[in-house]
Amino acid sequence: MTERYFHANAEALRNAAGALPAIGANNVALPAPTRLDAAKAAYGALSADEREAFKKWLAEQG
């Protein structure tokens, strides 16, 4: 993923990189992040407009 892909948004780039699985010694994958961690990373990558749309959608879900 490149900075251009994330529209030169450093925060979105950090969030996307943080969502990648961690690889430990001998290329053994470390425990996967929880679904909540993944949701937080995805939310962090949204633009302000996308966050507002998500909040509206979430409120409609009850």
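For the structure itself, look to the data block above.
Please read all numbers here as calculations on a predicted model, not as lab measurements. Note that residues are indexed from 1 along each chain, following the sequence as it is written. Two thresholds apply to this predicted model, a pLDDT of at least 70 for residue-level local features and 80 or more for giving and counting side-chain atom pairs, whereas whole-chain, interface and lining totals are computed over all residues. Hydrogens and waters are ignored; side-chain quantities use all the structure's heavy atoms.

**Student:** Summarise the environment of Asp37; cite the residues concerned and give the values.
**Tutor:** Among the structural elements, Asp37 can be located in helix H2 (residues 35-44). Taking relative accessible area as the criterion, Asp37 reaches 39% and is therefore assigned partly exposed. Where helices and strands are cited, they refer to DSSP runs of H or I of at least four residues and of E of at least two residues respectively, numbered from the N terminus. Accessible area is worked out with a 1.4 Å probe on protein chains only. A residue is then buried under 20% of its type maximum, exposed over 50%, and partly exposed in between.

**Student:** Account for the pattern of salt bridges, with residues named and values stated.
**Tutor:** Here, a salt bridge means any side-chain nitrogen of Lys or Arg that lies within 4 Å of a carboxyl oxygen of Asp or Glu. Tallying each qualifying case throughout the model produces 1 salt bridge. With a shortest N-O distance of 3.7 Å, Lys55 and Glu52 are connected by a salt bridge. Here Lys55 pairs with Glu52, and both are found in helix H3 (residues 48-60), just 3 residues apart, close to one helical turn.

**Student:** Please give an account of the packing of aromatic side chains that cites residues and values.
**Tutor:** Think of it this way: a Phe, Tyr or Trp ring, Trp meaning its six-membered ring, pairs with another when their centres are within 6.5 Å, and the plane angle makes it stacked under 30 degrees, edge-to-face over 60, tilted otherwise. Applying the stated rule across the entire model yields 2 aromatic pairs. A centroid spacing of 5.8 Å and a plane angle of 35° characterise the contact between Phe54 and Trp57, whose relative ring orientation is tilted. Residue Phe54 and its partner Trp57 are located together in helix H3, separated by 3 residues, close to a single helical turn. In this structure Phe54 comes out as partly exposed when scored by relative accessible area, which is 32%. Classification of Trp57 as partly exposed rests on a relative accessible area of 45%. Taken together, the ring pairs connect Tyr43, Phe54 and Trp57 into an aromatic cluster.

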